[in-house]
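Report on the structure
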Amino acid sequence: MMKKVLTPATIAIFFWGIGLLFINEYYHEYLRPYLYLSIIIAISCIVIDKIKEDKEEKSE
């Protein structure tokens, strides 16, 4: 059961949330760029994952 909970994605989201809380508390002026950077990184990961899935489907 713990294997389904502790995946790389959930660990990454956990550290993202910790970073968000830290920046919000101590460096409030950098909160908006942090969120923009988070969106860019998330979209690029989704695109890369989709490209990998398409390559796997074509090879089958």
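About the thresholds
Residues numbered from 1 in each chain as written. Predicted model: local features only at pLDDT ≥ 70, side-chain atom pairs only at ≥ 80, totals over all residues. Heavy atoms only, no water. Salt bridge = Lys/Arg side-chain N within 4 Å of Asp/Glu carboxyl O. Helix = DSSP H or I, 4+ residues; strand = E, 2+ residues; numbered from the N terminus. Buried < 20%, exposed > 50% of the residue type's maximum accessible area, 1.4 Å probe, protein only.

**Looking at the pattern of salt bridges**
A full pass over the atoms with the stated rule returns one salt bridge. The partner of Asp54 in a salt bridge is Lys50, and the shortest N-O contact between them spans 3.8 Å. Placement of both Asp54 and Lys50 in helix H3 (residues 31–59) is noted, with a separation of four residues, approximately one turn of the helix. Residue classification places Asp54 among the partly exposed positions, given a relative accessible area of 31%. You can call Lys50 partly exposed: its relative accessible area is 46%.

Remember, this is a structural readout, not a statement about activity or role.
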